[in-house]
Amino acid sequence: MKETVEIVPKTDEKPEVDLAFWEQNGYYVLPKFLSDEQVDAIVNETEEAWKNRRDDIVADNQIYSPTQKRVRNYLDRLSEEERTERYVMNDLFLVSDPVRSVSLDPKLVHVLRELLGTEPVLCQSLNFKWGSGQGMHQDTLYLPPPNERDMIAIWVALEDIHPDSGPLRYMPGSHNIPVYRFSNGKIRVIPGEVSGWDDHIAQHTEQMGLQEQVNHAKKGDVFIWHAFLLHGGSPIQNWDLTRKSLVCHYYSKSDLESVGGASQFDHGGYWWPRSPQLPR
Ligand SMILES: O=C(O)CCC(=O)C(=O)O
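- Going by the annotation in an unreviewed UniProt entry, the name recorded for the chain is Phytanoyl-CoA dioxygenase (PhyH) family protein, with Hyphomonas adhaerens MHS-3 given as the source organism.

**Describing helix α4 (residues 106-116)**
In step 1: By the criterion of burial, α4 is predominantly enclosed, with eight of the 11 residues buried.
In step 2: Among all positions in α4, only Lys 107, Leu 108, Val 109, His 110, Val 111, Leu 112, Leu 115 and Leu 116 are buried.
In step 3: Sitting at the head of α4, Asp 105 places a side-chain oxygen 2.8 Å from the backbone nitrogen of Lys 107.

**Observations regarding the side chain of Thr 205**
In step 1: Structurally, the position occupied by Thr 205 is in helix α5 (residues 194-208).
In step 2: Taking the relative accessible area as the measure of exposure, Thr 205 reaches 13% and is therefore buried.
In step 3: Other than its neighbours up to four places away in sequence, Thr 205 contacts Met 171, Ile 177, Leu 210 and Leu 230.

**A word on the pattern of salt bridges**
In step 1: Taken as a whole and assessed by the stated rule, the structure comprises 12 salt bridges.
In step 2: Ionic pairing is found between Arg 53 and Glu 80, a salt bridge with its closest N-O pair at 3.0 Å. Here Arg 53, found in the loop between α2 (36-51) and β2 (58-61), pairs with Glu 80, found in the loop between β3 (72-74) and β4 (87-90); they are 27 residues apart in sequence, far enough to count as distant.
In step 3: Judged by relative accessible area, which is 33%, Arg 53 ranks as partly exposed.

**Focus: the site of the ligand**
In step 1: Taken together, 13 residues form the shell around the ligand, and within it Ser 132, His 137, Asp 139, Trp 155 and Arg 243 come nearest.
In step 2: Gln 134 is positioned with one of its side-chain polar atoms (N or O) 3.2 Å from an oxygen atom of the ligand.
In step 3: In this structure, Arg 243 approaches the ligand through a side-chain N or O atom, which is 2.8 Å from an oxygen atom.
In step 4: In isolation the ligand has 290 Å² of accessible area, and contact with the protein removes 97% of it.
In step 5: Ranked by residue count, the leading element in the shell around the ligand is strand β10 (residues 231-233), at three residues.

**Topic: the pairing of strand β9 (residues 222-226)**
In step 1: Burial within β9 is extensive, with five of its five residues counted as buried.
In step 2: The side-chain alternation of β9 yields two buried faces, one formed by Val 222, Ile 224 and His 226 and the other by Phe 223 and Trp 225.
In step 3: In this sheet, β9 lies alongside strand β1 (residues 27-30) in antiparallel orientation, the contact comprising four bridges. Residue pairing across strands places Val 29 opposite Phe 223, the latter belonging to β9.
In step 4: Summarising the sheet, strand β6 (residues 151-157) and β9 pair through five bridges and their orientation is antiparallel. What sits directly across from Val 156, in β9, is Val 222.

**Describing empty space enclosed by the protein**
In step 1: Scanning the entire structure with this criterion turns up one cavity of 30 Å³ or more.
In step 2: Empty space within the largest cavity amounts to approximately 40 Å³.
In step 3: Every residue lining the largest cavity is listed: Gln 138, Thr 140, Leu 141, Val 179, Tyr 180, Phe 182, Ile 187, Trp 197 and Phe 228.
In step 4: Across the lining of the largest cavity, the residue classes break down as seven nonpolar, two polar and no charged.

**A short note on the environment of Pro 191**
In step 1: One can find Pro 191 in the loop between β7 (168-170) and α5.
In step 2: Overall, the relative accessible area of 70% leaves Pro 191 in the exposed class.
In step 3: Each C-alpha atom of the pair Pro 191 and Leu 141 lies 10.0 Å from the other, and the pair is 50 residues apart in sequence.

**Here's the deal with the environment of Ile 161**
In step 1: Structurally, Ile 161 can be placed in the loop between β6 and β7.
In step 2: The spatial distance from the C-alpha of Ile 161 to the C-alpha of Leu 241 is 9.2 Å, given a sequence separation of 80 residues.
In step 3: Leave out the neighbours within four places in its chain, and Ile 161 touches Trp 155, Pro 167, Ala 217, Arg 243 and Lys 244.

**Let's talk about the nonpolar core**
In step 1: With 40 residues, the main nonpolar core has Leu 108, Ile 154, Val 222, Ile 224 and Tyr 250 as its most contacted residues.
In step 2: Of all the elements in the fold, those that place two or more residues in this core are β1, α2, β4, α3 (97-103), α4, β6, β9 and β11 (245-252).
In step 3: It is α4 that provides the largest number of residues to this core, a total of six residues.
In step 4: Core analysis: the next-biggest nonpolar cluster, separate from the first, contains 15 residues, Trp 155, Leu 168, Trp 225 and Val 247 among them.

**Considering the sheet that holds β10**
In step 1: Read from one edge of the open sheet, three strands run β8-β7-β10, paired in antiparallel fashion. The open sheet terminates on both sides in strands that have one partner only, identified here as β8 (213-214) and β10.
In step 2: Relative to β8, β7 runs antiparallel, the two sharing two bridges. Bridging across to β8, Tyr 170 finds its partner in Gln 213.

Cut-offs used in this document
- Sequence positions are assigned chain by chain, starting from 1 and proceeding in written order.
- Thresholds applied to this predicted model are a pLDDT of at least 70 for local features of residues and 80 or more for the giving and counting of side-chain atom pairs; totals over whole chains, interfaces and linings are not thresholded and use all residues.
- Calculation of side-chain values draws on the structure's entire complement of heavy atoms; hydrogens and water are dropped beforehand.
- Here's how the labels work: a residue is buried when its accessible area is under 20% of the maximum for its type, exposed when over 50%, partly exposed in between, all with a 1.4 Å probe on protein chains only.
- Per the convention used, a helix needs a DSSP run of H or I reaching at least four residues, while a strand needs a run of E reaching at least two, with both numbered from the N terminus.
- Contacts described as polar in this section are N or O atom pairs within 3.5 Å, which, within protein, must combine one atom able to donate a hydrogen with one able to accept it, while residues neighboring in sequence count only if both atoms come from side chains.
- Note on definitions: a residue-residue contact is assigned when non-hydrogen atoms from the two residues lie within 4.5 Å.
- A pairing counts as a salt bridge when a side-chain nitrogen of Lys or Arg comes within 4 Å of a carboxyl oxygen of Asp or Glu.
- Near residues are defined by distance, with any heavy atom within 4 Å of the molecule or strand qualifying the residue.
- Per-residue and other accessible areas were derived by the Shrake-Rupley procedure at a 1.4 Å probe size, with only the shown protein chains allowed to occlude residues.
- Any two strands with at least two DSSP-identified bridges between them are counted as paired.
- Grid spacing is 1 Å over the protein atoms alone, the probe is 1.4 Å, and a cavity is where that probe fits but cannot get out, while a pocket is an open set with protein on both sides within 12 Å along at least five of seven lines and lining residues have an atom within 4 Å of a point.
- Grid points are joined across faces, edges and corners, and a volume is the space filled by probe spheres set on the points.
- Here the nonpolar group is Ala, Val, Leu, Ile, Met, Phe, Trp, Tyr, Cys and Pro; Asp, Glu, Lys and Arg are the charged ones; every other residue, Gly included, is treated as polar.
- We define the nonpolar core as a collection of buried residues of types Ala, Val, Leu, Ile, Met, Phe, Trp, Tyr and Cys that are connected through side-chain atoms lying within 4.5 Å of one another.

Have a look at this one:
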């Protein structure tokens, strides 16, 4: 018989939130916020999804893919050769109760609501087994919310993160860099115009004296960041080390509703029951 992990619901305890720290730094850490059982249930879910080649979950190969060919497909449609690459699992929250029970944990949603200043709605999730190797970026480049500032993200350590595995890095205070607009006046990246964004960010980080930091996370820690905080993956020093983590992005509920998106309530918060990303 398949063993099931029982997730004990948390109380509706409301932790104090230091808004002044958030406003100054654009990030927030909740150390040892989640139990090993909650975290292990998510890891188990990802492993089972790969083993069972689920036909309702989409994965992307990682940017340092040896073939340099971008793959996004349902797990059951990846060829044997494609399965040898490293992947990020997209939007597991759409089908996974363990992921929703963590990302919509009442205590966590309380903190997110305080930081965002309005009701959050879970709109995207990413499960990493390996470091991302991603350069410093702002999520608004790829996932611009309808109301530009109304987005918040969490990064959950699903194991103790080894310093050589490519931990999350971030730049405190960078959310206060003036917003960069591409030639159409918007914040979503226009691929041919990235150098303008690079120059703008380099100039302001220097002027503001901002310094990169590394999130040396332990299993169960939650790291929260502002829509405009610069962050990415540290270079991977040891390619054999896993770096299991869960990233979730939240828009505001009112914002989602303003563009016709309906949300559903589960555990302690709202999520957006949408279709998975399409294969490419
Ligand atoms: O986990 C990482 O290394 C980076 C994740 C990230 O940048 C993101 O999901 O926006």
